[in-house]
Amino acid sequence: MSEIQNQYAKRYKPRKIINYLMLTIMLLSTLLALIPLFSILTHIGISGIKALDLQFITNLPAPVGEPGGGMGNALVGTLVLVSLAALMGIPVGVLTAIYLSEYQQTGLFPSTVRFVADSLLGIPSIVVGIFVYLIIVLPMKSFSALAGGVALGIMLIPIVIRGTEGMLKMVPDSLREAALALGMRKWRVIVSIVLPTAIKGIITTIMLGIARVAGETAPLLLTAFGNHFWSTKLDQPIGALPLQIFTYAISPFDEWHNQAWAGSLLLILVVLFLSIIARLATRGNKLN
Amino acid sequence: MLDKDIKKKAINPKDKSNAQNIPLDKIFKALTFTASLGVILLLGFIIFKLFMESALSVEKFGFKFITSMEWDPVKGEFGAGAYIFGTIVSSLIAILIATPVSVGIALYLTEIAPPWLSTPVGFLVELLAAIPSVIYGLWGIFVFVPFIRQYIQKPIGDLFGWIPLFSGPPLGIGMLSAGLILAIMIIPIITAISRDIISSVPTLQREGAMALGATRWEVIKYAILPFAKSGILGGIILGMGRALGETMAVTMVIGNRPEIKASLFAPAHSMAAVIANEFTEATDDIYLSALIEVGLLLFLVTFIMNGLARFFIWSVARGPKGGIRQ
Amino acid sequence: MEKVIQVNDVKAWYGSLQTLKGISLEIFKNRVTAIIGPSGCGKSTFIRCLNRMHEVVPGAKVEGKILINKTDIYSSQVDPVEIRRKIGMVFQKPNPFPTMTIYNNVASGLKLNGVKNKRVLDESVEKSLRRAALWDEVKDRLNHSGMSLSGGQQQRLCIARALAVEPDILLMDEPASALDPISTLRIEELVQELKEQYTIVIVTHNMQQAARISDYTAFLLNGELIEYDITENIFTKPTDKRTEDYITGRFG
Ligand SMILES: Nc1ncnc2c1ncn2[C@@H]1O[C@H](COP(=O)(O)OP(=O)(O)OP(=O)(O)O)[C@@H](O)[C@H]1O
Ligand SMILES: [Mg+2]
């Protein structure tokens, strides 16, 4: 064995030990991160299932001490708010993404739009709440479902833009060219070829986005405000699952704490359902 | 030319619809352009509104707003020092803990775990990001905080209580718990970006190091981390931005007390939390304006952080498109 | 002989990179014209100028004149969509629309341009698939996805799709380069049959192929037209030294 090979052999052992040490640390980090996930999910599962029944989904909240309270109105409220957000966020987001991917990919304007979208994505949600409070709640002199929907819509827009743009980019240019070569108009190419090709991915993105805003609480504190009664009026305050969970969680009553867990179970079922489905859909369906 | 019959059948009807199509093309493009412009205007409007409505407080308190600790709605005196302190310290705790863990996870998932394991585990880590923050708060109050009090604060307090950083009663609720919960919440963010960046390191780099006889860790240390570090830094800044703006989970576990204490065990407050707690009760103009200024500060900091993060992440990634992509 | 396409001093750019440096030639009706030349010499760029696809690439620019059936296709009154509709194009890699069935792929050009009559569509789909020599292989599964076909079949599907809009000119950019020898042969036979009705311009890397199927051959080098003549002449008695070097394989 040469001198160098000798050296090499001698030093190999400590190197190997360091190697295993570092690999073990990496494995432990991964396990460490999974502990809270399992803790959260099991606690919600165990504590939530106790109070989650049909009544819980159909009834109004009850005062402390009265049995049979539920979060029916909050569930409906969340659906109303999320629908409003979708109504606002999806068209704006998808159209913007189309502009970025199909009309002008490079240049000052599209880079600005992307930068703005990323900035919107990073704005603290409570700040969005302040903004919507100023432009809608103050002039209307009332908290409202509309304000809550707009706040969530603003948060949805950048998620839809970035996700959809990514999906549209995955559509191969050869398809666009084939369609153009057939003499299709550009809008036709987009609507009939590009969008249908990317549609699964786009829907996935949108579902993930909706799942994310459905769980938002902070902006709703300043906009939708919450409501303990049935209401679907757009100009009135409206309940929402996350708001109701928050109210109950910080209350001093055990009974309400149980309700908060049940509400969380409900919320997480909605959120996880949307995101698991969405993620599985993209996993299995990468564009060729 | 082709025979006339076919032309009539196939081409003429098209030509008719074609005449209507010309404006449609323009309308569609205009529509998408308007949406894009609208997005820019939206951000502009948000910035404008925040500056406008906080002007009262900015004028009245000036720079003192950031340093002063006095937050007294009755006297009309507002200084956000304690909130700013709480926000920064809790986010720093989060970053200090989340960074090594996240990079460790990212390396494990990309470099070590076999694909059948890394896909589901990566998915689970991503799930952490899907949990609404109010649920983190709820779990924090009833599960995490009691655990921290019992198994972290008590033993550390018993041993190191004489160090100011660990002094005071083990309340559970407070700066440490808030920072730890934030760490859990931003792990998926930093992990996701680090993973993308690490997997974009060219195979040639890895193989080069391996061919020299490097161990796996050495490959990571010499071939991967140097390549990925600015992207990972971008991910860390992004996580920091997220931690700074987080509201619900923090307000539920930090104790909501606007004090500056040396001890990590002491209760504190945060910028987002004070907005959430007091905004709808702020009756007079100056109070509201001061809260909006807190929001403005929060916005500006996260805005800058996002810009920085983009810069670092982009400096790693990809060249321009090109070629006739057939 | 009737001239269908007249190309006059055409120059093309990608951004600041000039890829065609003044090409002039004439293409004749019901003939197969092959464009040959080393990789990167501008063959694709040239053929894409003929149906105004070149300008689809951001930053791309064209100068010069191209007359098709006496119409200047780059005149400002002309709508590029019209031009593309009247000229079929087949690409290097088969690119059927993945969301559509075989039937809809073929019908897509007509449908998306407003033809709704089912009978017309049916007829056209069958006729186009027959012309593309694919009908017998797919007639029982017209509702399957276009992606379910083999590479060679997909390419013939793309040819059928191009034929369905009843073009009189067919542009083919290395249509067989992604295919196996048998599929290549089928495409070559097809080109021979199609020239009865169409004027075909075909880009090819493969000189034997050019010699086998084309009537005229143009040799491009670095964006310039070096030689253009009857195929036989190009391959047997080229006038330019560079052509000779290229066809004898002494270069590129
Ligand atoms: N989208 C584009 N952007 C910039 N330059 C391009 C683009 N497409 C092609 N080019 C350049 O233009 C020149 C001519 O390209 P073209 O594709 O026309 O060559 P080609 O003869 O078809 O080559 P091949 O036989 O490899 O297909 C090349 O130098 C190429 O790099
Ligand atoms: Mg080419």
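Residues numbered from 1 in each chain as written. Chains lettered and ligands numbered in written order. Predicted model: local features only at pLDDT ≥ 70, side-chain atom pairs only at ≥ 80, totals over all residues. Heavy atoms only, no water.

Q: Now, about the overall build of chain B: what can you tell me, with residues and values included?
A: Within chain B, the regular secondary structure consists of eleven helices and two strands. Counting helices and strands in the order they occur from the N terminus, chain B gives α-α-β-β-α-α-α-α-α-α-α-α-α. Here the contacts in chain B between residues at least 6 apart in sequence split such that 74% fall between residues at least 24 apart. (Helix = DSSP H or I, 4+ residues; strand = E, 2+ residues; numbered from the N terminus. Contact = heavy atoms within 4.5 Å.)

Q: Can you tell me about the overall build of chain A, naming the residues and giving the values?
A: The helix and strand inventory of chain A stands at eleven helices and zero strands. Along chain A, helices and strands appear, N-terminal first, in the series α-α-α-α-α-α-α-α-α-α-α. For 288 residues, the compact-globule estimate of 2.2 N^0.38 gives 19 Å, and the C-alpha radius of gyration of chain A, at 25 Å, exceeds that figure by more than 25%. Principal axes of the C-alpha set define a box for chain A whose edges measure 85 × 65 × 35 Å. Residues classed as buried in chain A amount to 59% of the 288 residues present. Carbon and sulfur atoms provide 69% of the accessible area of chain A, an area that totals close to 11800 Å². Each charge class in chain A was averaged separately, 20 positive and 12 negative side chains, and the resulting centres sit 13 Å apart. (Rg over C-alpha atoms; globule rule 2.2 N^0.38 Å. Buried < 20%, exposed > 50% of the residue type's maximum accessible area, 1.4 Å probe, protein only. Areas by Shrake-Rupley, 256 points an atom, 1.4 Å probe, with all protein chains shown as cover. Lys, Arg positive; Asp, Glu negative; His and termini not counted. Charge placed at Lys NZ, Arg CZ, Asp CG, Glu CD.)

Q: Explain the domain arrangement of chain B to me, using residue names and the numbers behind them.
A: All names here are of chain B. Parsing chain B into structural domains produces domain 1 (1–61) and domain 2 (64–325). Contact residues are listed per partner, giving twelve residues for domain 1 and 15 residues for domain 2. Taking both partners together, domain 1 and domain 2 bury about 1200 Å²; carbon and sulfur atoms supply 75% of that area. Considering only the surface of domain 1 that becomes buried against domain 2, L50, S57 and F61 emerge as the three largest contributors, covering 47% of it. Where domain 1 touches domain 2, the interface holds zero salt bridges. When grouped by side-chain class, the residues that make up the side of domain 1 that touches domain 2 number eight nonpolar, two polar and two charged. (Domains from an automatic or database assignment. Buried area = accessible area lost by both parts, 1.4 Å probe. Salt bridge = Lys/Arg side-chain N within 4 Å of Asp/Glu carboxyl O. Nonpolar A, V, L, I, M, F, W, Y, C, P; charged D, E, K, R; others polar.)

Q: Lay out the site of ligand 1 in plain terms, naming residues and giving numbers.
A: Lining the immediate environment of ligand 1, one finds 16 residues, of which S39, G40, K43, S44 and T45 of chain C sit closest. Those chains with residues close to ligand 1 are chains B and C. At a separation of 2.8 Å, an oxygen atom of ligand 1 approaches a polar backbone atom of G40 of chain C. T45 of chain C has a polar side-chain atom sitting 2.4 Å from an oxygen atom of ligand 1. Protein chains bury 74% of the 630 Å² of accessible surface belonging to ligand 1 in isolation. Contributions of two or more residues to the shell around ligand 1 are made by β2 (17–28) and α1 (43–50) of chain C. (Near = heavy atom within 4 Å. Polar contact = N/O pair within 3.5 Å; in protein donor to acceptor, adjacent residues only side chain to side chain.)

Q: Residues and numbers for the confidence of the model for chain A, please.
A: Atom-level detail of predicted coordinates should not be read off regions where pLDDT is low. Residue and element names in this part refer to chain A. Within chain A, residue pLDDT values average 90, and 94% of them lie at 70 or more. For chain A, the element scoring lowest by mean pLDDT is helix α11 (residues 254–284), at 84; helix α5 (residues 125–140) scores highest, at 97. Every residue in residues 284–288 scores below 50 in pLDDT, and together they form six contacts with partners more than four places removed in sequence or on other chains. (pLDDT = per-residue confidence, 0-100.)

Q: Lay out the nonpolar core with the relevant residues and their values.
A: W71 of chain B together with L129 of chain C are the most contacted members of the largest nonpolar core, which totals 280 residues. Among the elements that line this core, the one with the most residues is helix α6 (residues 175–199) of chain B, at 16 residues. Excluding its chain neighbours within four sequence positions, the residues that come into contact with L129 of chain C are V106, L134, W135, V138, L142, L157 and A160 of chain C. (Core = buried A, V, L, I, M, F, W, Y, C linked by side-chain atoms within 4.5 Å.)

Q: Explain the interface of chain A and chain B to me, and be specific about the residues and the numbers.
A: Contact residues are listed per partner, giving 84 residues for chain A and 81 residues for chain B. Buried surface at the junction of chain A and chain B, summed over both partners, amounts to about 7600 Å²; 79% is from carbon and sulfur atoms. Linking chain A with chain B are two salt bridges. The partner of R15 of chain A in a salt bridge is E218 of chain B, and the shortest N-O contact between them spans 2.7 Å. Counting the contacts that link chain A with chain B gives six residue pairs in polar contact (both at pLDDT 80 or more). Ranked by residues supplied to the side of chain A that touches chain B, first place goes to helix α1 (residues 3–51) of chain A with 21 residues. Partitioned by chemical class, the residues of the side of chain A that touches chain B number 57 nonpolar, 17 polar and ten charged.

Q: Go over the sheet that holds strand β5 (residues 71–72) of chain C with me, naming the residues and quoting the values.
A: Backbone-to-backbone hydrogen bonds pair the strands of a sheet. The strands run either parallel or antiparallel. Residue and element names in this part refer to chain C. On the basis of which strands lie adjacent, the open sheet formed by four strands has the order β2-β1-β4-β5 and antiparallel pairing. The strands lining the two open edges of the sheet, one partner per strand, are β2 and β5. Sheet analysis places strand β4 (residues 60–68) next to β5, joined by two bridges and oriented antiparallel. Across the sheet, residue L67 finds its bridge partner in β5, namely D72. Where α1 meets the sheet, its contacts fall on β1 (3–14), β2 and β4, and the angle it forms with β1 comes to roughly 125 degrees. (Pairing = 2+ DSSP bridges. Axes fitted to C-alpha atoms, helices over the stretch in contact; angles between N-to-C directions.)

Q: I'd love a proper account of unusual backbone geometry, names of residues and values included.
A: Despite not being glycine, N30 of chain C shows a phi value in the positive range, around 55 degrees. Note that N30 of chain C resides in the loop between β2 and β3 (32–36).

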